[in-house]
Amino acid sequence: MEAGMFRYRLDSLQTKILPGRLRFVAQLNVKRAQERRAPQNIIGMNHPFDPKKFNFTKIKPGEIVFELCPQRDSPHQKNGTGVQNGTTSEEPPASKRVKKSAHMVIINVSPLAYGHILLVPSLQDCLPQVLTEEALLMAIEMTLLSKHQGFRMGFNSLCAYASVNHLHFHGYYLEYELGTESCVTVPFYSGVHVLNSDYPAPGFAFQLQGEDVMGLARQVYKVANYLQKHEIAHNVFMTRGTQFGEDCNSLHRTLRVYLWPRKPVTGPKDDFVFNPALCELAGHLPIKVEDGFTTLTEEEAVKTIKTQSLQREVFEALKTEIAAVLG
């Protein structure tokens, strides 16, 4: 902060749990709404990377936290992921100069929560904001690198509140338990689940089976790739939680990954007291205005989420198509 890298100081955020069965966590963050960089005007799912617009090759050297170094990228290492910051790798610490195809972790200069960072896979390759299997694998591995139960990661596709068309994931800490850590899911197909019908946003749910990180990434990618090819906007959220079928008191923990297909968002993005993106769909609601924070109820939050979620009949039809992809 003292070096001038952030757009504002993120003080302790006023937080409340909305009364109701969904246990939504609302946090007042007016500064992010007022002082963040204006989001790019996204009007389609297949926008190519535009070097003339803001992208992460234009960040200041001081915004770099560290380089993420998957050991599978090195012919001298066994499979796994290491962080090249002097603690989990025998290699020298990453310099502040971004190397070709380096996977960088950088600060979010407009943080929504404590420790808000961005993972930018292959930063200098200038990839558009479209999920790849390799990037998903890296995000899952990075989530698991943290022992903190409140570390979450996620992804907004184009037309789903992505504000920069340069491949990146969000990561941050949230000390409060989310309902999606243990909410009810229903078996769907080939190990993939869907959220129970009483959840306001229909979506797909995945969990880490044992240590099969690559299998999890492959499953999520199959669905996400179908959505991208058919220009269906989507959000991804990763969080530690209970194994499917276990309640919130269970000690059987794993990594849950949610993938929400949704209605597209184009043009201005300021119609609601919160924008239903990756963390909001998961139950964490950063609120943009003080009046909205004071008066927001679970019923109103559900209504906002439903305005941008797929209708049930549309989701049911999509499930048929996804089953064929997973088959």
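Structure's up top.
Residues numbered from 1 in each chain as written. Predicted model: local features only at pLDDT ≥ 70, side-chain atom pairs only at ≥ 80, totals over all residues. Heavy atoms only, no water.

(A) Quick peek at the packing of aromatic side chains. The full count for this structure, using the stated rule, is eight aromatic pairs. Summarising the aromatic geometry, the rings of F54 and F56 are spaced 5.8 Å apart at their centres and angled 85° between planes, so their arrangement reads as edge-to-face. On the accessibility criterion, F54 (21% relative accessible area) is partly exposed. Between Y114 and Y173, the aromatic rings sit 5.8 Å apart at their centres with planes inclined by 50°, giving tilted as the arrangement. Of the two residues, Y114 is situated in the loop between β5 (103-107) and β6 (117-120) and Y173 in strand β8 (residues 169-173); the sequence distance between them amounts to 59 residues. Judged by its relative accessible area of 64%, Y114 falls in the exposed class. These aromatic residues form a ring-pair network of at least three members: F188, Y189, F204 and F315. Between K16 and the ring centre of F293, over which it is positioned, the NZ or CZ distance is 5.0 Å. Its guanidinium or amino end placed over the ring of F54, R37 lies 3.6 Å from that ring's centre, counting from NZ or CZ. (Phe/Tyr/Trp six-rings, centres within 6.5 Å; stacked < 30°, edge-to-face > 60°. Buried < 20%, exposed > 50% of the residue type's maximum accessible area, 1.4 Å probe, protein only. Helix = DSSP H or I, 4+ residues; strand = E, 2+ residues; numbered from the N terminus. Lys NZ or Arg CZ within 6 Å of the ring centre and 35° of its normal.)

(B) Spotlight on the pattern of salt bridges. For the coordinates displayed, the defined rule picks out six salt bridges. In this structure, the salt-bridge partner of R21 is D198, at a minimum N-O distance of 3.7 Å. Taken together, the positions of R21 in the loop between β1 (15-17) and β2 (25-28) and D198 in the loop between β10 (192-195) and β11 (204-207) put the pair 177 residues apart, joining distant regions of the chain. With a relative accessible area of 40%, D198 lands in the partly exposed category. Across the pair K319 and E316 runs a salt bridge whose closest N-O atoms are separated by 3.3 Å. One end of the pair, K319, and the other, E316, are both in helix α7 (residues 312-326), three residues apart, so they sit about a helical turn from each other. Residue K319 is classed as buried on the basis of its relative accessible area, which comes to 15%. Three or more residues joined by partner-sharing salt bridges are found here, namely R152, E181 and R253. (Salt bridge = Lys/Arg side-chain N within 4 Å of Asp/Glu carboxyl O.)

In short, geometric facts, not functional conclusions.
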